[in-house]
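Summary of the model geometry
Below are the chains, spelled out letter by letter.
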Amino acid sequence: MARWAVTASYCGVFGYKPAGKLVSQDGVIPLSKTLDQVGPLAKDATTLWLIANSIGAPVPLTSMAGLIFGIPRDMAPVTPQIAALFEKTLERVRAAGATVRDFDIGIGAKSALGLTDVDVILACLLVCEVEGAREWNKELADPDSDITPEFRAMLTYGANIGHAQIHDAYAKVAKVKNHVRALMKEHKLDALLTPTVSHLAFHQDVGPPMDQAYLTQYASAADLPASSAPMGLIDGLPIGIQCIAAPDRDDIALGFAGLFPALNLPLLLRH
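Right, let's walk through the structure included here. The model shown is predicted, which means the values in this text are computed figures rather than measured ones.

The sheet built from seven strands is open, its strands ordered β2-β1-β6-β7-β5-β3-β4 with mixed pairing. At either margin of the open sheet sits one strand with a lone partner, and together these are β2 (41-42) and β4 (99-103). Bridge analysis of strand β1 (residues 14-17) against β2 gives two bridges, and the strand direction is antiparallel. Bridge assignment links Phe-14 to a residue of β2, and that residue is Ala-42. On top of the sheet, helix α7 (residues 163-186) reaches β4, β5 (191-195) and β7 (237-245); it is set at about 115 degrees to β5, its chief contact.

A cluster of nonpolar side chains, Val-118, Leu-122, Leu-125 and Met-210, forms an exposed patch at the surface whose accessible area comes to about 330 Å². Within the secondary structure, Leu-122 sits in helix α4 (residues 117-135). A relative accessible area of 46% means that Leu-122 is categorised as partly exposed.

Across the five residues of β5, five count as buried, placing the element largely inside the fold. Taken together, the two bridges between strand β3 (residues 68-72) and β5 define a ladder with parallel strand orientation. What sits directly across from Phe-69, in β5, is Ala-191. Taken together, the five bridges between β5 and β7 define a ladder with antiparallel strand orientation.

Let us now look at the pattern of salt bridges. On inspection of all chains with the given rule, the structure shows five salt bridges. Lys-33 is paired through a salt bridge with Glu-135; the nearest N and O atoms lie 3.6 Å apart. Taken together, the residues Lys-33 in the loop between β1 and β2 and Glu-135 in helix α4 connect sequence positions 102 residues apart. For the salt bridge of Arg-73 with Asp-102, the shortest nitrogen-to-oxygen distance reads 3.0 Å. Of this pair, Arg-73 sits in the loop between β3 and α3 (80-95) while Asp-102 sits in strand β4; the two residues are 29 residues apart in sequence, bridging distant segments of the chain. By relative accessible area, which is 40% here, Arg-73 ends up partly exposed. Here the salt bridges share partners, and the residues they tie into one network are Arg-73, Glu-87 and Asp-102.

Procedures and definitions
Residues numbered from 1 in each chain as written. Predicted model: local features only at pLDDT ≥ 70, side-chain atom pairs only at ≥ 80, totals over all residues. Heavy atoms only, no water. Pairing = 2+ DSSP bridges. Helix = DSSP H or I, 4+ residues; strand = E, 2+ residues; numbered from the N terminus. Contact = heavy atoms within 4.5 Å. Axes fitted to C-alpha atoms, helices over the stretch in contact; angles between N-to-C directions. Patch = residues over 30% accessible without salt bridge, like charges linked within 9 Å, V, L, I, M, F, W, Y side chains within 5 Å. Areas by Shrake-Rupley, 256 points an atom, 1.4 Å probe, with all protein chains shown as cover. Salt bridge = Lys/Arg side-chain N within 4 Å of Asp/Glu carboxyl O. Buried < 20%, exposed > 50% of the residue type's maximum accessible area, 1.4 Å probe, protein only.

Now the structure itself:
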């Protein structure tokens, strides 16, 4: 769930998430049939396009001229450094001939959506736990299976959760999907742009922050095509920009990535 973009941003590479059934999931070890998608990570946009096309994605849009990109200003806050880099990066988007327009996506308990980022992330997580428990039921029933204790705990929770809570989680995901798609149509937006994550990569001993997927979860919940491209470095660490495209516009998500050059990052070797 949105891990593709988070990984791309932390590592300074390009990522693409298709929508719907555009890319087959045959042969994939599943977790959530509702939220799973198959998409590549690549060192540059050209490589991303080649892989994406080989698995069923359309040809990238070659020009952003005339497109309207919405900036949801009420989404999860980011650090001042990331906010400044994002605003600078929007100049590149405008220079490509696109229009950049601010709007509110309506996130928050008192908003039109009536859901917070926490509500959405927990609903998506519960869907993964419930569907994962079904997919991995044999391994879960076998105390000697090789699944990790953390994964077993996740699946066990999903297997024992009540029907009312399951229904509520699916209803929240559906509500987000309908809401985001309706807003994009109302505002005539071709795509949404945000920083991919609200923070820089963290030390592995610290673990991910709670808001790690707050900005990327809406592409998954709304089942929309999306891409992440590196927009630069902050304190030597890469950070990405996310494009969530309108339904059936995978060509926009892929084409947007082409606005950005690959980062020349040093190869880090662990001893």
